[in-house]
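Letter by letter, the chains look like this.
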Amino acid sequence: MSSSSDALVAGSIPRLPTFGWHALRHSRRLPLPTVLDLPHRTLTTSGRAAIVLALRVLQVGPGDKVLVPTYHCPTMIAPVTACGATPVFFPITPSGDADIAWLERQDTRGVKAIVAVHYFGLPLHFAPLRAFCDARGIAMIEDCAHALFGECDGRPIGAWGDVAIASLTKFLPVQECGVLASRVLPVPALAGASRSFAHEVKSGIDMLEIGCRHGGLPPFGALLDGLFSLKRRLRRTQLTTATETIEAPPEDTQWLDAALIDTPPTTVSRWCIRASLRAAVIERRRANYQRLSALLADLPGAAPLVPDLPAGCAPYVFPLLSERADERYRALRASGLPLFRWDWLWPDTPHIPGDHGNLWSKQVFQLPCHQDLRDADLQCIAATVRQVCQTWPA
Ligand SMILES: Cc1ncc(COP(=O)(O)O)c(C=O)c1O
């Protein structure tokens, strides 16, 4: 939790939730279903590992095709090629739904599965896509990386897909973890060896170190933070966190660590997930989203993509649609604000007429709205965005 005293510095705002005592308070009774409640589930080290395992459950392999959206991050596509399958890109509509009319015109022989995403944590209407998949014999992977909680057309989130995946670092204060789950299909337990004791200890220390950095562990936080800073100085390392993985250019980034696909997450991460799965995660994200929507309502040349937060969801980020996108994005990143956009596309992602995926990859800025942001953080985000929009008028 960042304190209000440092909240006026855009670079001090955490991109993702951080550990602290506050994460353990509040009610355990969740007001919405979660992917973690689906009848069949297994925890993985990441969402991308869960996609590989989902493809294995669906027996996708070399020679098969997998439909994937043009609006994506490479971590969603790398698992497809890792299985030896070929990604086939489909366009999305202005609501983020798969363009079913386009899909229906395609020859889908050889297509074994589709990856469909609830972007930004705002559940889409998957009934038409489910009907398309059933008619063509295509399996659906419901990508809930952005939507750990929610309901979707009368079903719990994750229940429209043959299998679902989620990415827990986006919602809970863990440094690793995803989930593979299904309403209908059994999912296997992971076959890899458990993590070593040293790894468990490191995982716990990392979690505490990041929590201390953001003031989440009073009254010991300042003392521990001092010790952690000393450790970093002696080792000449910097604090790297799941919240700080956005600078590396694509060619330097390993999108998928094969060694971690079958490896179970640490016991520390499992404990943290059980302990921090609280109602406040949903309530605060909703409140923060609505507050940002109000603060960013009248920007010059930019507007909330979905100004009215739908019921029945817990947003991952707040999507802002902006003109002068390149200049503004560069300026916002230079300010230190932990926002990002999906402009690193998989090679050969096509331009399809009428597609909104290409547009969104440039023009949609994903702003944080997670549970550990306080009002001062939200005001800082809004003030920084407003200033940049004024400096680069539409
Ligand atoms: C839609 C979507 N799916 C899957 C993933 C992969 O999740 P992870 O980062 O936990 O591997 C991401 C990551 O950002 C994502 O945005």
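Looking at the packing of helix α1 (residues 47-57) against helix α2 (residues 74-82)
Put simply, α1 and α2 touch, their axes get as near as 9 Å, and they point 35° apart. Classified by chirality, the crossing of α2 by α1 is right-handed. For the pair formed by α1 and α2, the contact residues are Arg48, Ile51, Val52 and Leu55 on the first element and Thr75, Met76, Pro79 and Val80 on the second. Here the contact of α1 with α2 is built from residues that sort into 6 nonpolar, 1 polar and 1 charged.

A few points about α1
Within α1, 8 of the 11 residues are buried, leaving the element largely enclosed by the surrounding structure. Every buried residue of α1 is listed here: Gly47, Ala49, Ala50, Ile51, Val52, Leu53, Ala54 and Leu55. Elements in contact with the buried residues of α1: β1 (40-44), β2 (65-69), α2, β5 (139-143), β8 (163-167) and β9 (178-182). Two or three places before Arg48, at the start of α1, stands the capping residue Ser46, its side-chain oxygen 3.5 Å from that residue's backbone nitrogen. In the stretch just after α1, Gln59 is the one whose phi turns positive, near 55°.

Points about the packing of aromatic side chains
Applying the stated criterion to the full structure yields 14 aromatic pairs. Residues Phe120 and Trp360 carry aromatic rings whose centres are separated by 5.7 Å and whose planes lie at 40° to one another, so their mutual orientation is tilted. Of this pair, Phe120 sits in the loop between β4 (111-117) and α4 (127-136) while Trp360 sits in helix α10 (residues 357-363), and the two are 240 residues apart along the sequence. This pair shows no difference in class: Phe120 is buried, exactly as Trp360 is. Ring centres of Phe149 and Phe171 lie 5.9 Å apart, and the angle between their planes is 75°; this geometry places the pair in the edge-to-face category. In this pair, Phe149 is assigned in the loop between β5 and β6 (151-152) and Phe171 in the loop between β8 and β9, connecting sequence segments 22 residues apart. Neither Phe149 nor Phe171 differs from the other in exposure class; each is buried. A network of ring pairs unites the aromatic residues Tyr71, Tyr119, Phe120, Trp342 and Trp360 as a single cluster. Arg155 extends its terminal NZ or CZ atom over the ring of Trp160, reaching a point 3.8 Å from the ring centre.

Observations concerning the side chain of Asp372
Topologically, Asp372 is positioned in the loop between β12 (364-368) and α11 (375-391). Of the side chains with opposite charge, Arg374 lies nearest to the buried Asp372, which makes no salt bridge, at 5.2 Å. Only 2.8 Å separates the side chain of Asp372 from the backbone nitrogen of Thr18, close enough to count as a polar contact. A polar contact of 3.1 Å, which involves the side chain of Asp372, links it to the side chain of His22.

Some remarks on the sheet that holds β5
A sheet is described by the order of its strands in space; here 7 strands give the open sequence β1-β9-β8-β5-β4-β2-β3, paired in mixed fashion. Looking at strand neighbours, the two that pair on one side only are β1 and β3 (86-90), the edges of this open sheet. Going across the sheet, the axis of each strand differs from the next one's by a mean of 20°, ignoring polarity. In terms of strand pairing, β8 meets β9 through 4 bridges, oriented antiparallel. Each bridged residue has a counterpart across the sheet, and for Ala166 the counterpart in β9 is Val179.

Let's talk about the site of the ligand
Around the ligand, 13 residues are found, and the nearest of them are Gly47, Arg48, Asp143, His146 and Ser167. Take Gly47: an N or O atom from its main chain is 2.8 Å from an oxygen atom of the ligand. Burial of the ligand by the surrounding chains reaches 92%, relative to a free accessible area of 390 Å². If you list the elements that add at least two residues to the shell around the ligand, you get α1 and α2. In the shell around the ligand, the residues fall into 5 nonpolar, 5 polar and 3 charged.

What about the pairing of β12?
Buried residues dominate β12, accounting for 5 of its 5 residues. The alternating pattern of β12 places Val364, Gln366 and Pro368 and Phe365 and Leu367 on opposite faces, both of which are buried. Pairing of strand β11 (residues 317-322) with β12, which is carried by 5 bridges, proceeds in the antiparallel orientation. Paired with Leu321 across the bridge in β12 is Val364.

Description of the domain arrangement of the protein chain
When the domains of the protein chain are assigned, the result is domain 1 (10-18 + 280-391), domain 2 (35-182) and domain 3 (197-258). The distance between the C-alpha centroids of domain 1 and domain 3 comes to 25 Å.

What to know about the environment of Thr18
Positionally, Thr18 belongs in the segment before β1. By relative accessible area, which is 1% here, Thr18 ends up buried. Sequence separation between Thr18 and Pro353 is 335 residues, and the spatial gap between their C-alpha atoms is 41 Å.

A word on the packing of helix α5 (residues 197-213) against helix α7 (residues 267-276)
For any two helices packed against each other, the geometry is given by the interaxial angle and the distance between the axes. Contact geometry for α5 and α7: axes closest at 8 Å, N-to-C directions at 45°. Comparing their axes, α7 and α5 come out oblique. On α7, the residues touching Glu200, Ser203, Gly204 and Met207 of α5 are Thr267, Val268, Ser269, Trp271 and Cys272. Class assignment for the residues of the contact of α5 with α7 results in 4 nonpolar, 4 polar and 1 charged.

Parameters at a glance
Residues numbered from 1 in each chain as written. Predicted model: local features only at pLDDT ≥ 70, side-chain atom pairs only at ≥ 80, totals over all residues. Heavy atoms only, no water. Axes fitted to C-alpha atoms, helices over the stretch in contact; angles between N-to-C directions. Helix = DSSP H or I, 4+ residues; strand = E, 2+ residues; numbered from the N terminus. Left-handed = near helix turned anticlockwise from the far one by under 90°. Contact = heavy atoms within 4.5 Å. Nonpolar A, V, L, I, M, F, W, Y, C, P; charged D, E, K, R; others polar. Buried < 20%, exposed > 50% of the residue type's maximum accessible area, 1.4 Å probe, protein only. Polar contact = N/O pair within 3.5 Å; in protein donor to acceptor, adjacent residues only side chain to side chain. Phe/Tyr/Trp six-rings, centres within 6.5 Å; stacked < 30°, edge-to-face > 60°. Lys NZ or Arg CZ within 6 Å of the ring centre and 35° of its normal. Lys, Arg positive; Asp, Glu negative; His and termini not counted. Salt bridge = Lys/Arg side-chain N within 4 Å of Asp/Glu carboxyl O. Pairing = 2+ DSSP bridges. Near = heavy atom within 4 Å. Areas by Shrake-Rupley, 256 points an atom, 1.4 Å probe, with all protein chains shown as cover. Domains from an automatic or database assignment. Parallel < 35°, antiparallel > 145°, perpendicular 65-115°, else oblique.

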